[in-house]
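Below, each chain spelled out in residue letters.
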Amino acid sequence: MKEQIEAYNNVLELIGDTPLIKLNKIIDGLPGNYYAKIESFNPGHSTKDRIALHIIEEAERKGILKPGDTIIETTSGNTGFSIAMVSVIKGYDCILAVSSKSSKDKIAMLKSMGAKVYVCPANVSADDERSYYQVAKRLHEEIKGSVYINQYFNELNIDAHYNSTGPEVWNQTKGKITHFVACSGTGGTISGTARYLKEQNKDVRVLGIDAFGSVLKKYHETREFDSEEIYPYRIEGLGKNLIPTATDFDVIDKFEKVSDEESAHTARELARKEGLFLGYTSGAAVQGIKQMAAQGEFNEDSIVVVILPDHGSRYMSKVFSDDWMLEQGFVDSKNEIDATRVQFVK
Ligand code: PMP
């Protein structure tokens, strides 16, 4: 009998089933137990692989997407990379409209995965014709046989996490989870996962991480869209200047806002203290945990799961660049960070 070769048929078979890793030194002194779900273990290095695969396969199943068709999306980078990856394997064209706030590295990555990229100004309103929403909408109208993923307003974004992230977290914690923490951008991750978790145990506390400069927290508390809340900020992929329908505000118990500066330092701290080299919003999520712990959110019995959405390699010219930290005023001098760790041998 021939021995079976152990191999995956393609990279898409590796999406999901990401590991849960206990946090240790970074949460030193906080009550309870903290576990991070490391989404950079997905083959596209972020949580967005899950929604790209789910939404595209649903469109195929419904006969909306046919071979050779074009997939269009607006994205801060991660969703685009995941859609481009799925498109390569399944044979679709991929067009991405991205914000000019996205790092150069992210744009180069999309291009290398075969996508066509439109870079749109970041600080214009969502209804401005130059915004990435409007550019994607226009391209969708112009290109015959195109599908617009529309992650901010697509229920399937929630379903992707309801079907995968939710059951994984529940099973990995053996149903013992007491608190679920996730950043909210489109809201798909937090809403889908929380919906599943609350169906299993309605007492699981769901805590969303928002940015200063975003409307989500105030909308959650008052159901009022306050444009006065909006101003530019640095963190990519977290918070919003509009209310996405892919966010189910009813399953979220509380939002906590985090700053650009503290989130950047916490992302660097994750690498140094936990050996976890992750993205800016991973820093934001752990920063949110620290703040909520100080407010008395957790106790000795708490079993807290936090989603850490993507990999640090995407932020080499930002959070992990000492020059960038200096430019932002997040440190006073290069020496304050770790310039001393690099020794030039002459
Ligand atoms: N972190 C990063 C790096 C992201 O790209 C996103 C997606 N915008 C999020 C967090 C938030 O995830 P979601 O869109 O599911 O709310």
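Further up the page is the structure itself.
Scoring rules and cut-offs
Residues numbered from 1 in each chain as written. Predicted model: local features only at pLDDT ≥ 70, side-chain atom pairs only at ≥ 80, totals over all residues. Heavy atoms only, no water. Pairing = 2+ DSSP bridges. Helix = DSSP H or I, 4+ residues; strand = E, 2+ residues; numbered from the N terminus. Axes fitted to C-alpha atoms, helices over the stretch in contact; angles between N-to-C directions. Near = heavy atom within 4 Å. Polar contact = N/O pair within 3.5 Å; in protein donor to acceptor, adjacent residues only side chain to side chain. Areas by Shrake-Rupley, 256 points an atom, 1.4 Å probe, with all protein chains shown as cover. Parallel < 35°, antiparallel > 145°, perpendicular 65-115°, else oblique. Left-handed = near helix turned anticlockwise from the far one by under 90°. Contact = heavy atoms within 4.5 Å. Core = buried A, V, L, I, M, F, W, Y, C linked by side-chain atoms within 4.5 Å. Buried < 20%, exposed > 50% of the residue type's maximum accessible area, 1.4 Å probe, protein only. Phe/Tyr/Trp six-rings, centres within 6.5 Å; stacked < 30°, edge-to-face > 60°. Lys NZ or Arg CZ within 6 Å of the ring centre and 35° of its normal. Salt bridge = Lys/Arg side-chain N within 4 Å of Asp/Glu carboxyl O.

**Student:** I'd love a proper account of the sheet that holds strand E6 (residues 146-148), names of residues and values included.
**Tutor:** The strands making up a sheet associate through hydrogen bonds between their backbones, and the pairing can be parallel or antiparallel. Strand order across the open sheet formed by four strands is E5-E4-E3-E6, with parallel pairing between neighbours. Looking along the sheet, the strands with just one partner apiece sit at the ends: strand E5 (116-120) and E6. Within this sheet the neighbouring strands show an average axis-to-axis angle of 20 degrees, counted without direction. Sheet analysis places strand E3 (residues 70-75) next to E6, joined by three bridges and oriented parallel. Across the sheet, residue Ile71 finds its bridge partner in E6, namely Val147.

**Student:** Tell me about the site of the ligand, residues and numbers included.
**Tutor:** Neighbouring the ligand are 16 residues; Lys48, Gly185, Thr186, Thr189 and Thr281 lie closest to it. Within the side chain of Lys48, an N or O atom sits 2.8 Å from an oxygen atom of the ligand. Gly185 has a polar backbone atom sitting 2.7 Å from an oxygen atom of the ligand. Protein coverage of the free-state accessible area of the ligand, which is 390 Å², stands at 99%.

**Student:** Provide a residue-level description of the packing of helix H1 (residues 48-61) against helix H5 (residues 155-163), including the pertinent values.
**Tutor:** Packing of H1 against H5 brings their axes to within 9 Å, and their N-to-C directions diverge by 115 degrees. Our classification of the angle between H1 and H5 gives roughly perpendicular. Crossing of H1 over H5 shows right-handed handedness. Residues Arg50, Ile51, His54, Ile55 and Glu58 of H1 pack against Leu156, Asn157, Asp159, Ala160, His161 and Asn163 of H5.

**Student:** Pulling in residues and values, what's your account of the nonpolar core?
**Tutor:** In terms of nonpolar packing, the biggest core is built from 38 residues, with Leu23 and Leu308 touching the most fellow members. Sorting the residues of this core by element identifies strand E2 (33-38), strand E7 (179-183), strand E8 (205-211), helix H9 (260-274), helix H10 (280-294), strand E10 (303-308) and helix H11 (322-327) as the ones contributing at least two each. With seven residues, H10 is the largest single contributor of residues to this core. Each residue touching Leu23, except ones within four places of it in the same chain, is listed here: Tyr34, Ala36, Leu270, Glu274, Leu276 and Val306. In terms of nonpolar packing, the next biggest core, distinct from the first, is built from 25 residues, Phe81, Leu96, Ala115 and Ile149 among them.

**Student:** So, the packing of aromatic side chains: which residues are in play, and what are the values?
**Tutor:** Each aromatic ring pair is characterised by the separation of its centres together with the angle its planes make. Here the structure, examined in full by the defined rule, presents nine aromatic pairs. Ring centres of Tyr133 and Tyr152 lie 6.1 Å apart, and the angle between their planes is 80 degrees; this geometry places the pair in the edge-to-face category. You can see Tyr133 sitting in helix H4 (residues 132-142) and its partner Tyr152 sitting in the loop between E6 and H5, a full 19 residues away along the chain. The buried category is assigned to Tyr133, whose relative accessible area is 10%. Here the aromatic rings of Phe249 and Phe255 are separated by 6.2 Å at their centres, their planes lie at 50 degrees, and the arrangement is tilted. The structure contains a cluster of three or more aromatic residues connected by ring pairs, namely Tyr132, Tyr133 and Tyr152. We note Arg314 situated over the ring of Phe81; from NZ or CZ to the ring centre the distance is 4.7 Å.

**Student:** Residue-level account of the pattern of salt bridges, with values.
**Tutor:** Any two side chains of opposite charge can pair, given that their charged atoms come close. Tallying each qualifying case throughout the model produces 23 salt bridges. Close ionic contact of Lys254 with Glu256 constitutes a salt bridge, the shortest N to O distance being 3.8 Å. Here Lys254 and Glu256 have matching classes, each one buried. When salt bridges with common partners are traced through the structure, they connect Lys37, Glu39, Arg50 and Glu168 into a single cluster.

**Student:** Please provide a residue-by-residue account of the environment of Pro31, values included.
**Tutor:** Mapped onto the secondary structure, Pro31 falls in the loop between strand E1 (20-22) and E2. Considered as a pair, Pro31 and Ile303 are 272 residues apart in the sequence and their alpha carbons are 9.7 Å apart.

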